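Residue-level structural notes
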Amino acid sequence: MAELGINEHHQKEVVSYMRFARFKRGMCLKTVDSCFQDLKDSRLVEETFTVDEVIDMLDGLQSVVHSEVESELINTTYTNVLLLRQLFSQAEKWYLKLQTDVSDLENRELLDQVAEFEKSEYTSSNKKSTADHIKPKLAPLNEGGSELLNKTVAHLQEENEKLKTRLRTIETQATAALDEKSKLEKSLRDLQMIQGDQKNNANQDITELENKVAALKSQFEKTLNDTAANQKFLEEDLVTTKHDLLKVQDQLSTAEKELEKKFQQTAAYRNMKEILTKKNEQIKDLRRRLSKYESED
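Residues numbered from 1 in each chain as written. Predicted model: local features only at pLDDT ≥ 70, side-chain atom pairs only at ≥ 80, totals over all residues. Heavy atoms only, no water.

**Regarding a nonpolar patch on the surface**
A cluster of nonpolar residues, Leu83, Leu84, Leu87, Phe88, Trp94, Leu96 and Leu98, forms a patch on the protein surface that exposes about 600 Å² of accessible area. Take Leu84: it is sitting in helix H2 (residues 51-92). On the basis of relative accessible area, Leu84 is assigned to the partly exposed category, the value being 37%. (Patch = residues over 30% accessible without salt bridge, like charges linked within 9 Å, V, L, I, M, F, W, Y side chains within 5 Å. Areas by Shrake-Rupley, 256 points an atom, 1.4 Å probe, with all protein chains shown as cover. Salt bridge = Lys/Arg side-chain N within 4 Å of Asp/Glu carboxyl O. Helix = DSSP H or I, 4+ residues; strand = E, 2+ residues; numbered from the N terminus. Buried < 20%, exposed > 50% of the residue type's maximum accessible area, 1.4 Å probe, protein only.)

**As for the packing of helix H1 (residues 8-42) against H2**
Relative to each other, H1 and H2 sit at 170°, their axes nearing to 10 Å. Of the possible angle classes, the one that applies to H1 and H2 is roughly antiparallel. In this structure, the crossing between H1 and H2 has a hand that is right-handed. Residues Tyr17, Phe20, Lys24, Cys28, Thr31, Val32, Cys35, Phe36 and Leu39 of H1 form the contact with H2, whose participating residues are Met57, Leu61, Val64, Val65, Glu68, Val69, Glu72, Asn75, Thr79, Asn80 and Leu83. The class makeup of the residues in the contact of H1 with H2 is 13 nonpolar, four polar and three charged. (Axes fitted to C-alpha atoms, helices over the stretch in contact; angles between N-to-C directions. Parallel < 35°, antiparallel > 145°, perpendicular 65-115°, else oblique. Left-handed = near helix turned anticlockwise from the far one by under 90°. Contact = heavy atoms within 4.5 Å. Nonpolar A, V, L, I, M, F, W, Y, C, P; charged D, E, K, R; others polar.)

**Focus on the environment of Thr241**
Here Thr241 is to be found in helix H5 (residues 203-263). Between the C-alpha atoms of Thr241 and Arg166, which are 75 residues apart in sequence, the distance is 8.0 Å. Setting aside its immediate chain neighbours within four residues, Thr241 contacts Leu163, Arg166, Leu167 and Ile170. From its side chain, Thr241 meets the backbone oxygen of Asp237 in a polar contact 2.7 Å long. (Polar contact = N/O pair within 3.5 Å; in protein donor to acceptor, adjacent residues only side chain to side chain.)

Printed below as a string of structure tokens:
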């Protein structure tokens, strides 16, 4: 049997539409036949006719057939538009944009393929019951996209909470490092003051004190270097965390727009908007805290 290059479900939908078009075509042909039959029954009652009478009959027949064919062609166009509208409406529920190639509608090879498909399909369908071809309408679930968006928002909220906890930990570590730095600087100043007070003592005491100060200074410098390296790491980690926070904020903003589009006429939309507003306020608070931390640095 000829195939159209589509899956079985869609192919059955095509068969259903072709059956409808075949029926409409048959009705149109019957109408045209009846026009000719009406002419025979109403006008062809004499054995001879003049040229004018023949022309008048043919003109009348032409007018009637032209009107019937034009009406059927217009109706076929409108029917095709309604069919396209059904497909586009279903696609828009999933935010899809379908495209059509009008040039393919005059592709003789494709038209022959459809003709062969119709011929083979209706040859085999004569052996089947018409009840076997009744299929449900295509209708995507309206709530599928909403559920996916809800899961995405929940995941983003969870990530946001984790980042907030991590940020608080980093702030605590940075504060502790700054306190340690202040203590070491104070110790160095105290040692320098002691060194100045002991300049008049004996050379031995001075030498011992200088050695002690040098050892403490070396230890301090080592500790200070370690603290500076740790502080640099914390600052880099803080920058990374800020970037992650901004990324989460952007994702939350995107999810909010999608939810507004999906739930703008529902109570769920208002509830979700309140949640997102609270999250934005929390993000603003985190920014203020980060700005305060950077100003302290």
